Amino acid sequence: MASLVAYEDSDSEAEAEPGAGGQAAGLVEDRAAAAGTRCAEPGQPRLPPPAGLPLSGSDPGRGPSARLRWPGTERAAAWAPPRASALWAGCAPARPAPPPPPAAPRKRPPAPRDAPCWTRAQAGAPGGSGGAGFPRGGRRSEDCVVPYTPKRLRPQQGAPPGQEAPGPPEGSAPAPLRLPPGVSEAIQPHLNGPRRETRVPRTVLRHLRGHEGPVNGIQWCPVPARSQLLLSTSMDRTFKVWDAVDSGRCLQTYSVHSEAVRAAQWSPCGQRILSGGFDFGLHLTDLETGTQLFSGRSDFRITTLKFYPKDHNIFLCGGFSSEIKAWDVRTGKVVRGYKATIQQTLDILFLQEGSEFLSSTDASTRDSADRTIIAWDFRTSAKISNQIFHERYTCPSLALHPREPVFLAQTNGNYLALFSAVWPYRMSRRRRYEGHKVEGYAVGCECSPCGDLLVTGSSDGRVLMFSFRTASRACTLQGHTQACVGVTYHPILPSVLGTCSWAGDIKIWH
């Protein structure tokens, strides 16, 4: 008995089931119609199917299975040739005609290089773009790659995309300081008149804001005719000059340092400012031209600067080092050194004659009586006395009395100590000014021009004033929200006081 083998992809008549007689009859008709038609031999052209032969695409049951169909015929159904009947299933399927060539794309004019990235992407992609900023086909344009820019460096609103807001050229000198001609109307009446008694200030005359970091110190201009100018140094790497009496506005900002500006001093002529900071840099800036008359680099971070009273071309520089150095701005070199077994110099104070000066250090160990406050001879670099302060507290600031041969020392024991300014520099045991807090801050202190009042800041923001004779508290001002680290009386105007704080603001009291 002959056995019949049926495959899944063949249209054998043996697979006919009852009820499918119509389909089998159609298959017989196809065989009979194609009896005289055979597959073309290799190398001979194919013959078209006989006229009247039903197409396989017209009846889904008569076409070849999906396994024998030519790939891609579903997409090109609009232009593919008619399919052959089931009789052609055993022969190689005919290759469909190639699709018609697409129309030539319409090229867009190239966009300029400074145009936005999405404009350049659309201009370079033929026929438009497949998405925002991408050409057709999903390939990203190289011109569209824009690096990420932080928000604080992005241009302001209104600037074109990709173009930064214009700024001052790097390394340019500050603009010259322009002052109104003549003397301030508030200072003119007090230039030639007798000095008045200093009274306790009560109200805030000016509130100066502009620093972005803590203010380390303030100083009035030493020239009486220009004493409306106030110098301030800050941890935001700048120092500013203010018109603190007339208008209360900032006249000029100097950014010559790359790190915090810890110390700055007016020159005795009032036309230059000497500054030093944590970037090891020393700069002498001329206010009228805005140029650097002197620039040097120390080998330690600078915390204090003082001009030599007898020669204004020489200044002392102290900081995070065991040595204090004397610089000459004419040669730009160190002319003297004062070395002690310490780690840091906190403050320097010249005595009245200028041949001696005092230095306060950070030594606070058990045997630090010979290193807390040291008296030096300026010319010989020798120690005059090192047995001055015998208590285990550091002294962040020193102040000289304007009329009597005494000086004050701010201590971390939360009190002001009084010392003699003449050898052997003994400390007074009878008068001690206390009630404020220091708590590690470099809180400053000063005497009034008449010498009757002492003023000091406090780590809790208060401003305290004491009577010099009785050591009693004269007044307490709620000055700042954070530590008040700088206080200074105006040299000409009576009862005018300037204070600065760790919050970055400055107040002028009257």
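If you're wondering where the values come from, they're calculated on a predicted model, not measured in any experiment.

*Asks:* Describe in detail the pattern of salt bridges, supporting the description with residues and values.
*Replies:* According to the stated counting rule, one finds nine salt bridges in the structure shown. Between Asp 328 and Arg 330 there is a salt bridge, with its nearest N and O atoms 3.0 Å apart. Take Arg 330: its relative accessible area is 53%, and that puts it in the exposed class. Across the pair Asp 460 and Arg 462 runs a salt bridge, and its minimum N-O distance is 2.9 Å. Of the residues examined, Asp 460 reaches a relative accessible area of 32% and is grouped as partly exposed. Take Arg 462: its relative accessible area is 15%, and that puts it in the buried class. Sharing partners across several salt bridges, the network here consists of Asp 311, Asp 328 and Arg 330.

*Asks:* Could you give an account of the environment of Arg 430, naming the residues involved and the relevant values?
*Replies:* Considering the arrangement of structural elements, one finds Arg 430 in strand β21 (residues 427-434). In this structure, the C-alpha to C-alpha distance between Arg 430 and Thr 470, residues 40 residues apart in sequence, is 9.7 Å.

*Asks:* Got a sec to walk through the pairing of strand β16 (residues 373-377)? Specific residues and values, please.
*Replies:* With four of its five residues buried, β16 lies for the most part within the structure. Where strand β15 (residues 356-361) meets β16, five bridges bridge the pair, whose relative direction is antiparallel. By the bridge assignment for β16, Phe 357 is matched with Trp 376. By the bridge criterion, two bridges tie β16 to strand β17 (residues 383-385) in an arrangement that is antiparallel. Residue pairing in the sheet places Ala 375 in a bridge with Ser 385 of β17. Here β16 folds back onto β17 in antiparallel fashion, the turn holding five residues, of which Ser 381 has a positive phi close to 60°.

*Asks:* Hey, could you go over unusual backbone geometry for me, with residue numbers and the actual values?
*Replies:* The omega torsion across Trp 423 and Pro 424 is 15°, close enough to zero to call that bond cis. Mapped onto the elements, Pro 424 comes out in the loop between β20 (415-420) and β21. Although it is not a glycine, Arg 237 adopts a positive phi angle of roughly 75°. In this fold, Arg 237 is placed in the loop between β3 (229-234) and β4 (239-243). The phi torsion at Ala 471 lies on the positive side, around 65°, for a residue other than glycine. By the element assignment, Ala 471 lies in the loop between β24 (462-467) and β25 (473-478). According to the relative accessible area criterion, Ala 471 is buried, its value standing at 19%.

*Asks:* Lay out the sheet that holds strand β26 (residues 484-489) in plain terms, naming residues and giving numbers.
*Replies:* The antiparallel open sheet is built from four strands, whose spatial order is β1-β28-β27-β26. The outermost strands of the open sheet, each flanked by one partner alone, are β1 (204-209) and β26. Taking each pair of neighbouring strands and ignoring which way they run, the sheet shows an average axis angle of 15°. Bridge count between β26 and strand β27 (residues 497-501): five bridges; the pairing is antiparallel. From the neighbouring strand, Tyr 489 faces β27, where its bridge partner is Leu 497.

*Asks:* Explain the side chain of Asp 328 to me, using residue names and the numbers behind them.
*Replies:* Considering the arrangement of structural elements, one finds Asp 328 in strand β12 (residues 323-328). A distance of 3.0 Å separates a polar atom in the side chain of Asp 328 from the backbone nitrogen of Arg 330. Once you skip the residues sitting within four places of it in the chain, Asp 328 turns out to touch Asn 313, Ile 314, Lys 333 and Val 335.

*Asks:* An account of the environment of Leu 208 is needed here, citing residue identities and associated values.
*Replies:* Checked against the element boundaries, Leu 208 lands in strand β1. When its relative accessible area of 2% is taken as the criterion, Leu 208 is described as buried. On a C-alpha basis, the gap between Leu 208 and Asp 243 in space is 9.8 Å, while along the polypeptide they are 35 residues apart. Beyond its immediate stretch of four places on either side in the chain, Leu 208 contacts Leu 230, Trp 242, Ala 244, Gly 248, Asp 505, Ile 506 and Ile 508.

Reading the values: the criteria
Residue numbering note: each chain is counted from 1, following its sequence as written. Thresholds applied to this predicted model are a pLDDT of at least 70 for local features of residues and 80 or more for the giving and counting of side-chain atom pairs; totals over whole chains, interfaces and linings are not thresholded and use all residues. Think of the side-chain values as coming from all heavy atoms in the structure, minus any hydrogens and water. Should a side-chain nitrogen of Lys or Arg be within 4 Å of a carboxyl oxygen of Asp or Glu, the pair is scored as a salt bridge. Partly exposed residues are those whose accessible area sits between 20% and 50% of the maximum for their type, while under 20% is buried and over 50% is exposed, using a 1.4 Å probe and protein chains only. We count a stretch as a helix when DSSP gives it H or I for four or more residues in a row; a strand needs E for two or more, and each element gets its number in order from the N terminus. Two strands qualify as a pair provided that DSSP identifies no fewer than 2 bridges between them. As a rule, the C-alpha atoms of each element are fitted with a line to give its axis, helices using only the stretch in contact, and angles between N-to-C directions run from 0 to 180 degrees. For the purposes of these results, a polar contact is taken to be a pair of N or O atoms within 3.5 Å, where, inside protein, one atom must be able to donate a hydrogen and its partner to accept one; residues adjacent in sequence count only when each atom of the pair is a side-chain atom. Any two residues whose heavy atoms approach within 4.5 Å at even a single point are treated as in contact.

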